[in-house]
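Below, each chain spelled out in residue letters.
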Amino acid sequence: MIVIADASGKGVPACMIMAMCQSFCRAYAERYTGLENFLRDLNRHLYRESDRGHYVTMAVVVIDRENGTCEYARAGHTELLVRLDSGVARIIKPKGAALGLLPAEFGSGFDTLTFSCPPGTSFMLFTDGITEALSEDNEQFGLERLYALWKEAPLPPERMAGKILAALKEFTGTAP
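Note that the structure is predicted; figures quoted are calculated from it, not measured. (Residues numbered from 1 in each chain as written. Predicted model: local features only at pLDDT ≥ 70, side-chain atom pairs only at ≥ 80, totals over all residues. Heavy atoms only, no water.)

Asks: Give a detailed account of the overall build of the protein chain, specifying residues and quantitative values.
Replies: Within the protein chain, the secondary structure is distributed over five helices and seven strands. When the helices and strands of the protein chain are listed from N to C terminus, the series reads β-α-α-β-β-β-β-β-β-α-α-α. Taking 176 residues into account, the globule formula puts the C-alpha radius of gyration at 16 Å, and the protein chain, at 17 Å, falls close to it. Its C-alpha atoms give the protein chain principal-axis dimensions of roughly 45 × 45 × 25 Å. The burial tally for the protein chain puts 41% of its 176 residues in the buried class. Once local pairs closer than 6 in sequence are excluded, the contacts in the protein chain between residues at least 24 apart make up 63%. A total of about 10,000 Å² of accessible surface is found on the protein chain, and carbon and sulfur atoms cover 53% of it. (Helix = DSSP H or I, 4+ residues; strand = E, 2+ residues; numbered from the N terminus. Rg over C-alpha atoms; globule rule 2.2 N^0.38 Å. Buried < 20%, exposed > 50% of the residue type's maximum accessible area, 1.4 Å probe, protein only. Contact = heavy atoms within 4.5 Å. Areas by Shrake-Rupley, 256 points an atom, 1.4 Å probe, with all protein chains shown as cover.)

Now the structure itself:
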């Protein structure tokens, strides 16, 4: 199970909700029965334990190497980029609201997708800090640029991260 999350806000409140989220994730992973239930339980607890101004976006990938499958769900987070060894690449974006934002009574569900994950499949999980980075002209880096960089050539994770960060630095220039 791979989890990436981003807390709303800054400072101590954001750190506190992220710490709660991490604790809940660790506890629920032991009794994981499906990503929809996993995210519903997290949402219920985060909604109950936090104030209304704070929430967490999250994406979760569960890779089953024995069966060659992958299950993916997201809660208000950025998309998942998937590339097969053959070079075929996709952007996957199931629906789901951020965690802690809405009570369970609102019926907020989480779409989950299960797909084939043969050896050599690559994934990219990221936060909106990449796609929402601004240029000196106030233009966002965007998902399209990130996707184009990622799908053009498979690289080991460290080299791909370096390539993306270099492109991001060039794009933002002197912008904060």
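Asks: Can you break down the packing of helix α4 (residues 142–152) against helix α5 (residues 157–172) residue by residue, with the values?
Replies: Geometrically, a packed helix pair is captured by the angle between its two axes and the distance between the axes. Taken N-terminus to C-terminus, the directions of α4 and α5 make an angle of 145 degrees; their axes are 10 Å apart at the nearest point. Crossing handedness for the pair α4 and α5: right-handed. Of the residues in α5, those in contact with R145, L146, L149, W150 and E152 of α4 are M160, K163, I164, A167 and F171. Considering only residue class, the contact of α4 with α5 consists of seven nonpolar, no polar and three charged. (Axes fitted to C-alpha atoms, helices over the stretch in contact; angles between N-to-C directions. Left-handed = near helix turned anticlockwise from the far one by under 90°. Nonpolar A, V, L, I, M, F, W, Y, C, P; charged D, E, K, R; others polar.)

Asks: Mind laying out the nonpolar core, listing which residues take part and the relevant values?
Replies: The biggest cluster of nonpolar side chains holds 20 residues, and the ones touching the most others in it are F38, L39, L42, L46, M58, V60 and L99. For this core, the secondary structure elements donating two or more residues are α1 (11–29), α2 (35–49), β2 (56–64) and β3 (69–75). It is α1 that contributes the most residues to this core, six residues altogether. Non-local contacts of F38, meaning those with residues more than four positions away in its chain, are made with M1, C25, Y28, A29, Y32 and V60. The next biggest cluster of nonpolar side chains, apart from the first, holds 17 residues, and it includes L81, A89, Y147 and M160. (Core = buried A, V, L, I, M, F, W, Y, C linked by side-chain atoms within 4.5 Å.)

Asks: Let's hear about the packing of aromatic side chains: which residues, and what values?
Replies: A full pass over the atoms with the stated rule returns four aromatic pairs. With a centroid separation of 6.4 Å and 85 degrees between ring planes, the pair formed by Y28 and F38 is classed as edge-to-face. Here Y28 is found in helix α1, whereas its partner F38 is found in helix α2, with ten residues between them in sequence. Residue classification places Y28 among the buried positions, given a relative accessible area of 7%. Look at F38 and you get buried, because its relative accessible area is 3%. Between the aromatic rings of F115 and F123, the centroid separation amounts to 6.5 Å while the plane-to-plane angle is 50 degrees, which identifies the pairing as tilted. Assessed through its relative accessible area of 18%, F115 is described here as buried. Each member of the aromatic cluster is reached from another via a ring pair, and the members are F24, Y28 and F38. (Phe/Tyr/Trp six-rings, centres within 6.5 Å; stacked < 30°, edge-to-face > 60°.)

Asks: I'd like a rundown of the pairing of β3, residues and numbers included.
Replies: The side chains of a regular strand alternate between the sheet's two faces. When you tally the buried positions in β3, you get six out of seven residues, the bulk of the element. Two strands pair when backbone bridges link them, and β2 and β3 are joined in this way by six bridges, in the antiparallel orientation. Residue V60 lies in a different strand from β3, and its bridge partner there is A73. In this structure, the hairpin formed by β2 and β3 is closed by a connection of four residues, where G68 is found at a positive phi of approximately 65 degrees. (Pairing = 2+ DSSP bridges.)

Asks: So, α2: which residues are in play, and what are the values?
Replies: The terminal C-alpha atoms of α2, which comprises 15 residues, lie 21 Å apart, in line with the 21 Å expected from a rise of 1.5 Å per residue. Burial in α2 covers these residues: L35, F38, L39, D41, L42, N43, H45 and L46. Contact partners of the buried residues in α2: α1, β2, β3 and β6 (112–116). (Expected span 1.5 Å × (residues − 1).)

Any link to function would need more than the numbers given here.
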